[in-house]
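Commentary on secondary and tertiary structure
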Amino acid sequence: MITRNATILSAFAVTAALAVTSYQNQVGFISDAPKQIAVVGAAGEDVVFKDAEGKTVLTVTAPEASMWKPANEEASLVDFSELKTPGTYYAFVGDDSIGHPINISDNALEGVTKASLKFFYFQRSSIELTEEFAGKYARPMGTPDTAVMYHSSTGKEDLTATFNGAKGWYDAGDYGKYIVNSGISTYTLLQLYRQNRAYFDTLNLNIPESGNDVPDILDEIRWNIEWMLTMQDDDGGVFHKLTTKQFAGMVLPDKVTKQRYAIGKSITATRDFVAVTALAADIYKRFDPEFAEKCAVAAGKARWWSKQNPYEFFTQPRDVGTGTYTDASAADEFAWSSAEFYRITGNKDILEDLHQYKLTKGRHKLQGWQTVFALAAFTIATDPVAFDEEDVGLARDFIFDLADTYIKQLDNGYGLAIDNGDFYWGSNSVVANKGMVLIHAYILSDEKKYLDAAQGILDYLLGRNPLDLSFVTGWGVNQVMNPHHRPSEGDTVVAPVPGMLVGGPNSTADDCAKTYVDSEAPAKSYYDNSCSYATNEVAINWNAPLAYLAGSLQAIYATGKKFEVGSDTSAVYDITAIPAARTALKTRAAGDRLIFKDNSVRLERTLRDGTKTYFDLRGKAIR
Ligand code: 9MR
């Protein structure tokens, strides 16, 4: 809230005294990376960069100002990339210091990379966070989840039974654990590791497993995968989520004492599960073959269930109020999981699965929890050895189609590949995910323009924005202070848990941020208050692309190398050796088919006794 006042004051100062305002990455610039700030009110004037002793080291004339629509503001993009010597610098226009201290160093993004990953440790369920690893954010163990009940929506017969659903990460500001959102988050982090092994093999996150023989990032990710494995039912299907029936209050997790349930069993959760366990079977094989094998078997069983139940979409039960993560199409989850599972099996049945959902033009969409075609594109394009030429070509076209669209957006006074359409719920993850696309385009083409556009997006998140705010807690001069995050609200520490990326400006926010919605300047539609879940919550699927973006940039500059396409051949498993859980299918429906009736496509389900029920394509029963 302090930051909000600062923003209002500086905006006022601009109109009152025609002072110059400057927006910048407040954390730091890597010596060899591009360096830019957006300066308002200085077109044609000299921007002078001085070192800590006050000596002028560089002068750049601010170019003509141009509009950046999301801020509804004209700014000059001042490029000072020439400045490479590590140190702290200050920018001046005339006698006035503008912006914030400029930090340049070779590992300027290492701290924020580590913090964005450490966030996942702070989100751990079923474990006490000790002072050794959590410092002042230590807290007692919460939600052990060792006796989770089955909600009737799971289809389980014995609703008095319990199971062990321990571990995993809390999804966001709430204490739910959701398979769909775990899917994309876990993938994004595994992909970060896969593409930057040399850097992450030794990066210490100071977590309980630090010091074992496994890279810390993989230990952290495994905490969540182990939970995901507990969510697989005997028939291979995967429960949609594990939560209390309603959201808990703003308390620490040990105060969450209401019963937790497995809720629903869905096609999207099951296919996301196939994708993650298949990729895990590859990545963990070098460290723990037994665990990797377990993941491969789980993937095979889940795939089998999904073939029998392709229209089991999740619908929120009436007595449940936690997050839904539901969507009406599983085509993208099929494509992505088939890509991952084919990669580790080379099996022709799985290739057929994959070819049902080719990565054609209409499917070129930015990734998000609901839309995961892009994840298939990343996997296929970066492993041309495992996939055939046509699939690789489609995957590459997918990535360059999106990346080139973003490059076209760059021509504005803030120098950002971000436009008005990006400002919906979780906009900071939307732009971070664009960064992930751009980094893939760079990996595939070696063209620096893509890497530089990704850098701009990180700069935006760290302060080159009209709020003059770093959206990552604990980092930056003006940093977010009041995220919607139960552990941060429930503890006695003033500062929130560090390393968290908040959702960010949302031009359709309908909560307490509503009065801050600015339809002329969507990038300003934000409220740093814990009451605003629609602009100021945190989430694992938002931090993961931040970690990917900061981590990839830091790793690429630190090692001087980018991922070599086709360099890592995956572990291979024999799918015919995986038990397909056929027995459990006996209890399920005798058959599903799509029919056209009453002017719409619907699913007809024939039960074993011959009765028929009908569902729309969202999975909702039609009476
Ligand atoms: O990230 C989700 C966003 O895309 C949706 O618009 C929003 C409303 O359904 O829900 C967001 O996800 C929330 C989830 O449902 C529950 N945990 C907190 C998530 C972040 O706000």
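Residues numbered from 1 in each chain as written. Predicted model: local features only at pLDDT ≥ 70, side-chain atom pairs only at ≥ 80, totals over all residues. Heavy atoms only, no water.

**Examining the site of the ligand**
Selection criterion: Near, as used in this document, describes a residue that has one of its heavy atoms within 4 Å of the molecule or strand being considered. Any pair of nitrogen or oxygen atoms within 3.5 Å is treated as a polar contact; in protein, a donor-acceptor pairing is required on top of that, and neighbouring residues in sequence qualify only through side-chain atoms on both sides. All accessible areas in this document rest on Shrake-Rupley with a 1.4 Å probe, and a residue is counted as covered only by the protein chains that are shown. Note on residue classes: Ala, Val, Leu, Ile, Met, Phe, Trp, Tyr, Cys and Pro are nonpolar, Asp, Glu, Lys and Arg are charged, and everything else, Gly too, is polar.
Near the ligand, the surroundings consist of Asp171, Ala172, Asp174, Tyr178, Gly323, Tyr325, Trp369, Trp425, Glu537 and Trp542. Here Glu537 contributes a side-chain N or O atom positioned 3.0 Å from an oxygen atom of the ligand. In isolation the ligand exposes 450 Å². Once the protein is present, 76% of that is buried. Taken together, the residues of the shell around the ligand sort by class into six nonpolar, one polar and three charged.

**Quick look at the sheet that holds strand β4 (residues 46–51)**
Note the cut-off: A pair of strands is considered paired only if DSSP assigns at least 2 bridges between the two. Elements are defined by DSSP. Helices are runs of H or I of four residues or more, strands are runs of E of two residues or more, and each kind is numbered from the N terminus.
Strand order in the open sheet formed by five strands is β2-β9-β8-β4-β5, with mixed pairing between adjacent strands. Each having just a single partner strand, β2 (29–30) and β5 (56–61) make up the two edges of the open sheet. As judged from the six bridges shared by strand β8 (residues 87–93) and strand β9 (residues 96–105), these two strands associate in the antiparallel manner. Of the residues in β9, the one forming a bridge with Gly87 is Ile104.

**Notes on the state of the cysteines**
The line we're drawing: Cysteine sulfur atoms that come within 2.5 Å of each other are treated as a disulfide pair.
One pass over the structure, following the stated rule, counts one disulfide. In this model Cys512 forms its disulfide with Cys531; the gap between the sulfur atoms is 2.0 Å. Its S-S torsion of about 100° marks the bond between Cys512 and Cys531 as right-handed, since a negative value means left-handed. Taken together, the residues Cys512 in the loop between α15 (486–490) and α16 (533–536) and Cys531 in the loop between α15 and α16 connect sequence positions 19 residues apart.

**Some thoughts on the pattern of salt bridges**
Here the idea is simple: oppositely charged side chains can pair when their charged atoms come close. Threshold: We count a salt bridge whenever a side-chain nitrogen from Lys or Arg sits within 4 Å of a carboxyl oxygen from Asp or Glu.
According to the stated counting rule, one finds 27 salt bridges in the structure shown. Between Asp349 and Lys348 there is a salt bridge, with the nearest N and O atoms lying 3.9 Å from each other. Taking the shortest distance from any N to any O, the salt bridge between Lys361 and Asp401 comes out at 3.0 Å. With Lys361 in the loop between α10 (348–355) and α11 (373–381) and Asp401 in helix α12 (residues 389–409), the pair connects residues that are 40 residues apart, well separated along the chain. Here the residues in one salt-bridge network are Lys156, Asp233, Asp234, Asp235 and Lys265, joined through shared partners.

**Things to note about the packing of helix α13 (residues 427–445) against helix α17 (residues 540–559)**
Keep this limit in mind: In this analysis, axes come from line fits to C-alpha atoms, helices being fitted only over the stretch in contact, and the angle between any two N-to-C directions falls in the range 0 to 180 degrees. By convention the crossing between two helices is left-handed if the near helix lies anticlockwise of the far one by an angle smaller than a right angle, and right-handed if it lies clockwise. Contacts between residues were defined by any pair of non-hydrogen atoms, one from each residue, lying within 4.5 Å.
Interhelical geometry of α13 versus α17 gives an angle of 35° and a closest axis separation of 8 Å. The handedness of the crossing between α13 and α17 is left-handed. Residues Ser429, Ala432, Asn433, Gly435, Met436, Ile439, His440, Tyr442 and Ile443 of α13 form the contact with α17, whose participating residues are Asn541, Trp542, Pro545, Leu546, Tyr548, Leu549, Ser552, Leu553 and Ile556.

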